[in-house]
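Breakdown of the fold
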Amino acid sequence: MEADSLTELVELSPDAICVHEHGVLTYANRAALETFAARGTAEVVGRRFADFVTEDSQAELAGKVEGLTRPGQASEPVEALMSRLDGSKFAVETVVVRLAGTAAYQVVMRDITAKKAAADALRYQAALVSHVSDALIATTGEGVVTSWNPAAEAVYGWTAAEAVGRRASELVGAPLDLAAIRRGGGVAEAVHRRRDGAPLAVRVSAAEMNDGYVLVCADETARRRAEQNYRTVVASLDEGVLVMGPTGLIEAANPAACRILGVPEPDLLGVPCHTLVLFTEAGHWIPPDEMPSVQSRRTGVTHNGLVVRLRRPDGRDVWVSLTSRLLGPDDPTARAVVTTFTDITETRAISARLAHDATHDPLTRLANRTLVLDRLDVRRRAALTVLFLDLDKFKVINDSLGHSVGDQVLRIVGERLRRSSGREDLVGRLGGDEFVVVTGEVTEPAEVRALAEHLRAALAEPIGVLGRQLHLDASIGVVLVGGADRRSAEDLLRDADVAMYQAKTLGRGRHHFFDVGLRERMQRRLRMEQDLRDAVHDGQLWPAYQPVVDLRTGEMVAVEALLRWTHPRQGAISPAEFIPLAEESDLINVIGKAMLRATTRELAARRTGGLDLTLKVNLSARQLDDPHLVPAVQDALASTGLPAAALCLEVTESALMRDQEAAAEVLASLRSLGVLLAIDDFGTGYSSLAQLRRLTLDTLKIDRSFITGIAESRDAAAIVTSIIAMAHAVDLTVIAEGVESAEQVDLLRSLGCDQAQGYHLGRPVAAAELFGQ
């Protein structure tokens, strides 16, 4: 009866009890079967006990079993983690008892899962209270502190030992009406003070307990300071800031936004954003459903750096650079939008001025070369006309009256061209005194001629400057451009320039149309100029010598050195073609010095051989302007040994009359070297012998145009007679050039002419041919 009672007691025990022998379960009570989630004894008995013990707990339980050496001996309680048949885990407190007489053990297991969970919860709550950043304070119903967590110590500066038992209002430095906080919803904003008196912005949450209150005091001092700083920064921004709520109404606007929009803040708040009037850069009105803020709210896409024009209520337009984005991109469902914008009106105006300055001439405010080329490049393959204008003799105004007067004249010219051109025509200054007019309205040759003369007439009107009446004219090159013309902008200007140059060559003060033949002639001219530069260094230039004969004795008394060019491919090039090129390109100074050295050396050598001749060398107008001319002559005489009196330098009448004072100064310097001076081509430059008297000349050469008709024309003979008589009156030796017949020789001799030269007396030939070896 007693054994049965014991068995029943074990069977009904709330603790799980099982027996295993040699590790195999031989018994399990009802509580054990329930604990292992078994439907019957068969699912447990016969299995290894270790199958129900997790791997982590097996070693510890095995150690306990090994420590039981006597029957009836029980182990100390030990916690273990067990495993049910369904694989779930549960915690137990286990006691193992060794049974008598066999290797059997009784295991008593008490499920402590709930107990451990409760303990863990308490530990978690304690950790939460200890580590939470908010101050947690428990008080009695009268406000006396019963609990004060570490965060409360950090926030208020009081330790828990100092705080517990004191009134909470004393510790937080402010009244605490906890019942009022509860009635107000349980949360209140307050200003508390630390132990040292520093103010704290606190959000107080209060909850009732059975015997008091629990307070959660969140220190928001830093956040509120940051918010205040943020508001201060936003308020001080030059950039406008608008916040639009999900409904599209403006909820916030900073002072800069109000200033830029020209609307006070009260009139902005609560207003739909589409009441703002915006235009694109192209001037198109932006409808309400296409406004950046509306699109950002609808699509969530940020619009960054949009340039728009904003129409203020006062009618003034403001250019702004605008960015619109969701206020909370991490929560796109909120759909609040922030729009920021910067007033770029002044910056845009400055950029426009800079762009204008980059494409316009600063003096005349006309289009510059860059803009002219751009416009010509983007022409829509329509017919147009390019007129290239160059002012005639503008250099004289600049040199005589100064650059300030010259600039004033250029401004007037630019304004006259602008007034005389069509509204759609492009008028530009390419540089210096070169202007251009591009028109698509006048394209027929007859109309273009009329326009060219109209422009010339406008420029020809007198210009009053410094009490003077200045008169201008222009040479105009014209290029007609057809719709199928494929020339580049550079080509068009080049061809117009070529035509203008031809107009100047033909006598200035006129216009000339470009044609392909003209371009070819100019290209030949350019090639020849380059070839001439090469000729200077390659020895292609050489002096020919033409005899000058004394008409009384018939003997050769002098030779005139004449420049010749033998081109390696084209053969002999006419001086009439290459001498003007040399003068225009400043090569004449280099060539002139080289020829002077070569001819003085040749004549010095001939004089050493007993040939007493004078060398005549021509000087161009460009050479008279060369400051190195006098030193070059002096160096040639010194290096070759030719006597100065054996060198006669000839200057054309037109060169002397161009600037008489400058010419007189240069001739005086040459005269000081002891050389002879002659005036060439007399009769073509409108000078008088009285003017020439001041230049201390030695020789006068009558131009060939008078000699050609002297035998047939009584008038020509009379003119030559007068020239000879006047020249002799001022002690000048007279030479007739261009003598082509014996009859002319006899007539000149009878008129008293001193010397002559021409094909009848001897053609220009190389030194070896004239003088012999």
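In the block above lies the structure referred to throughout.
The shown structure was predicted, so the numbers you read here are calculated from the model rather than taken from an experiment.

1. Some remarks on the overall build of the protein chain
- Looking only at helices and strands, one finds 30 helices and 32 strands in the protein chain.
- For 773 residues, the compact-globule formula gives about 28 Å, and the C-alpha radius of gyration of the protein chain, at 58 Å, lies well above that figure.
- Dimensions of the protein chain along its principal axes, counting C-alpha atoms only, are 190 × 70 × 60 Å.
- Intrachain contacts of the protein chain at a sequence separation of at least 6 include 55% that bridge at least 24 residues.
- Per element, the accessible surface of the protein chain, about 39600 Å² overall, is 53% carbon and sulfur.

2. Focus: the sheet that holds strand S18 (residues 426-431)
- With mixed pairing, 5 strands are arranged side by side in an open sheet as S18-S19-S17-S22-S23. Looking at which strands have only one partner, the edges of the open sheet turn out to be S18 and strand S23 (511-513). Across this sheet, the average inter-strand angle for adjacent strands is 20°, counted without regard to direction.
- Direction of pairing for strand S17 (residues 384-391) relative to strand S22 (residues 474-481): antiparallel, over a ladder of 8 bridges. For Thr385, the partnering residue across the bridge sits in S22 and is Leu480.
- Each of S17, S18 and strand S19 (434-439) touches helix H14 (residues 369-377); the most contacted strand, S18, lies at about 130° to it.

3. Here's the deal with the pairing of strand S1 (residues 16-21)
- Across the 6 residues that make up S1, a large majority, 5, are buried.
- Bridge count for S1 against strand S2 (residues 24-28) is 4 bridges, and the pairing is antiparallel. Counted as the bridge partner of Val19 is Tyr27 from S2.
- As consecutive antiparallel partners, S1 and S2 are separated by 2 residues, and within that stretch His22 has a phi angle of approximately 50°, a positive value.

4. Section: the nonpolar core
- One finds Leu647 and Leu670 to be the most contacted residues of the largest nonpolar core, which totals 55 residues.
- Ranked by residues supplied to this core, first place goes to helix H28 (residues 714-729) with 5 residues.
- If sequence neighbours within four positions are ignored, Leu647 has contacts with Leu596, Leu615, Val617, Val633, Leu637, Leu642, Val675 and Leu676.
- Core analysis: the second largest hydrophobic core is formed by 30 residues, Leu389, Leu391, Ile397 and Ile463 among them.

5. Digging into unusual backbone geometry
- Phi is positive for His22, close to 50°, though the residue is something other than glycine.
- Residue position: His22 is located in the loop between S1 and S2.

6. With respect to the pattern of salt bridges
- Evaluated as defined, the whole model comprises 35 salt bridges.
- Between Asp314 and Arg312 there is a salt bridge, with its nearest N and O atoms 2.9 Å apart.
- Classification of Asp314 as exposed rests on a relative accessible area of 52%.
- Accessibility expressed as a relative area gives 13% for Arg312, which makes it buried.

7. Describing the sheet that holds strand S7 (residues 145-148)
- Taken in spatial order, the 5 strands make up an open sheet running S7-S6-S10-S9-S8, and their pairing is antiparallel. Two strands bound the open sheet, and with one partner strand each, they are S7 and strand S8 (187-193). Adjacent strand axes in the sheet meet at a mean angle of 30°, parallel and antiparallel pairs treated alike.
- Here strand S9 (residues 199-209) pairs with strand S10 (residues 212-219) via 8 bridges, running antiparallel. Directly across from Ser205, in S10, lies its bridge partner Val216.

8. So, helix H20 (residues 575-584)
- The set of residues buried in H20 consists of Phe578, Leu581 and Ala582. Taken end-on, H20 shows its buried residues confined to a sector of 100°, consistent with a single buried face.
- Looking one or two residues beyond H20, the residue adopting positive phi is Asp586, at roughly 70°.

9. Here's the deal with the packing of aromatic side chains
- In the structure shown here, the tally under the stated rule is 4 aromatic pairs.
- Centre to centre, the rings of Trp148 and Tyr156 are 5.8 Å apart; their planes meet at 45°, and the pair counts as tilted. Grouping residues by exposure puts Trp148 and Tyr156 together as buried.
- A cation over a ring is seen here: Arg195 above Trp158, with NZ or CZ 4.1 Å from the ring centre.

10. Observations regarding the environment of Gly507
- Within the secondary structure layout, Gly507 lies in the loop between helix H18 (489-505) and S23.
- Owing to a relative accessible area of 47%, Gly507 belongs among the partly exposed residues under this scheme.
- Along the primary structure Gly507 and Ser475 are separated by 32 residues, whereas in three dimensions their C-alpha atoms are 8.8 Å apart.

11. Structural notes on empty space enclosed by the protein
- Counted according to the given criterion, the structure contains 1 cavity of 30 Å³ or more.
- By volume, the largest cavity is sized at about 120 Å³.
- Contributing to the lining of the largest cavity are 14 residues, with Leu276, Leu278, Met291, Leu322 and Thr339 lying nearest its centre.
- Contributions of two or more residues to the lining of the largest cavity are made by strand S11 (240-244), helix H12 (292-299), strand S15 (317-326) and strand S16 (337-343).
- Considered class by class, the residues forming the lining of the largest cavity number 12 nonpolar, 2 polar and no charged.

12. Re the pairing of strand S29 (residues 676-682)
- A large share of S29 lies buried, amounting to 5 of its 7 residues.
- As paired elements, strand S28 (residues 647-652) and S29 share 5 bridges and run parallel to each other. Opposite Cys648, over in S29, you have Leu676 as the bridge partner.
- Of the pairings in the sheet, the one linking S29 to strand S30 (residues 699-702) comprises 3 bridges and is parallel in character.

13. Examining helix H29 (residues 742-751)
- What H29 keeps buried is the set Gln744, Val745 and Leu748. On an axial view of H29, the arc spanned by its buried residues comes to 100°, and they lie on one face. Opposite the buried face of H29, at more than 90 degrees from it, the exposed residues are Glu743 and Ser750.
- Looking at the buried residues of H29, the elements they touch are helix H27 (704-708), H28 and strand S31 (733-737).
- Gly752, located one to two residues past H29, shows a positive phi value of around 90°.

Conventions adopted
- Residues numbered from 1 in each chain as written.
- Predicted model: local features only at pLDDT ≥ 70, side-chain atom pairs only at ≥ 80, totals over all residues.
- Heavy atoms only, no water.
- Helix = DSSP H or I, 4+ residues; strand = E, 2+ residues; numbered from the N terminus.
- Rg over C-alpha atoms; globule rule 2.2 N^0.38 Å.
- Contact = heavy atoms within 4.5 Å.
- Areas by Shrake-Rupley, 256 points an atom, 1.4 Å probe, with all protein chains shown as cover.
- Pairing = 2+ DSSP bridges.
- Axes fitted to C-alpha atoms, helices over the stretch in contact; angles between N-to-C directions.
- Buried < 20%, exposed > 50% of the residue type's maximum accessible area, 1.4 Å probe, protein only.
- Core = buried A, V, L, I, M, F, W, Y, C linked by side-chain atoms within 4.5 Å.
- Salt bridge = Lys/Arg side-chain N within 4 Å of Asp/Glu carboxyl O.
- Arc of directions from axis to C-beta.
- Phe/Tyr/Trp six-rings, centres within 6.5 Å; stacked < 30°, edge-to-face > 60°.
- Lys NZ or Arg CZ within 6 Å of the ring centre and 35° of its normal.
- 1 Å grid on protein atoms, 1.4 Å probe; cavity = no way out; pocket = protein on both sides within 12 Å on 5 of 7 lines; lining within 4 Å.
- Points joined across faces, edges and corners; volume = space filled by probe spheres on them.
- Nonpolar A, V, L, I, M, F, W, Y, C, P; charged D, E, K, R; others polar.

Function-wise, these values are silent; they only describe arrangement.
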